[in-house]
Amino acid sequence: MQSAAAEAAPAAAAPAEAAPADAAPAEAGLMQKERPRVKDFKFRPWDVTDAQLYKEQMDNENIWKFMDGYPGPMDVKMAVDMIELANNSDAHEVRAVEYQGRVVGQVRLMFDKDVETCAELSYLIFEPYWGKGLAVPMIHAYRCDFAVRLPYRTMTAVIDKRNEASIAVAKKAGFWRMDLPVLRRESFGELLIFQALI
């Protein structure tokens, strides 16, 4: 989740990425006549041709508030480097999220070679698309997408306790808080662990 956690190529949840979900309304040119549907989301690898867009959306302290390692200020070269890092690792899968033909966010699934049936989810919605109800159906859509490709049966999300928006999204998306000790990281507050079935 997001975990809603952060990383070098952030995906969405804070340091296990707790990233802001839908928070403040903003005009972003989306058609909102209907509620977002799972089938309307598409997931694809980032491409170096996305570097300018990636820079514009990720170079934003607001979306890094609950994520680890804000690299800003970013330039296009740094965006290219982060895209390449996202795409060239066996430890995770990072995907740009498209909705109505626009890149509205990012998801990241982090793999643990010692836990073959569970992976950690991070998610984020870019700030221009906050408040549009995209986060929950995006998570459902990605769950459907990777369930047919990958062997995982459960996923976790590690979320900063202060990130109330991301916690609310996780709960609506079917995650429950695990009965585990609260995690603490030096540069963050308390981190809560949530889990969901795939």
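Computed from a predicted structure; not experimentally measured. Numbers given for residues are sequential positions, taken from 1 along each chain in its written order. In keeping with the model being predicted, local features are shown solely for residues with a pLDDT of at least 70 and side-chain atom pairs are shown and tallied solely at 80 or more, while totals for entire chains, interfaces and linings include all residues. To get the side-chain values, take all heavy atoms of the structure and skip hydrogens and water.

Topic: the pattern of salt bridges
In what follows, salt bridge is the name for a side-chain nitrogen of Lys or Arg lying within 4 Å of a carboxyl oxygen of Asp or Glu. Considering all chains together, one arrives at 9 salt bridges under this definition. Residues aspartate 160 and arginine 162 are paired through a salt bridge, measuring 2.7 Å at the closest nitrogen-oxygen approach. The classification of residues rests on relative accessible area computed with a 1.4 Å probe and restricted to protein chains. Under 20% of the type maximum is buried, over 50% is exposed, and intermediate values are partly exposed. Classification of aspartate 160 as buried rests on a relative accessible area of 0%. Three or more residues joined by partner-sharing salt bridges are found here, namely Glu93, Arg95, Asp145 and Arg149.

Here we look at the nonpolar core
Here, nonpolar core means buried Ala, Val, Leu, Ile, Met, Phe, Trp, Tyr and Cys residues that are tied together by side-chain atoms lying within 4.5 Å of each other. Counting 51 residues, the largest nonpolar core has Tyr123, Met138, Ile139 and Phe175 as the members making the most contacts within it. Secondary structure follows DSSP: runs of H or I at least 4 residues long count as helices, runs of E at least 2 residues long count as strands, and numbering of each begins at the N terminus. Per element, the largest residue contribution to this core is 7 residues, and it comes from helix α3 (residues 135-147).

Observations concerning helix α4 (residues 164-172)
For α4, the set of buried residues is Ser166, Ile167, Val169 and Ala170. Buried residues of α4 fall within an arc of 160° about the axis and therefore sit on the same side. Turned more than 90 degrees away from the buried face of α4, the exposed residues are Glu164, Lys171 and Lys172. In this description, contact between two residues means that some pair of their heavy atoms is separated by no more than 4.5 Å. Where α4 is buried, its residues contact β4 (115-125), α3, β5 (154-160) and β8 (190-197). Glycine 174 occupies a position one or two residues after α4 and carries a positive phi of about 100°. The arc in question is traced by the directions running from the helix axis to the C-beta atoms.

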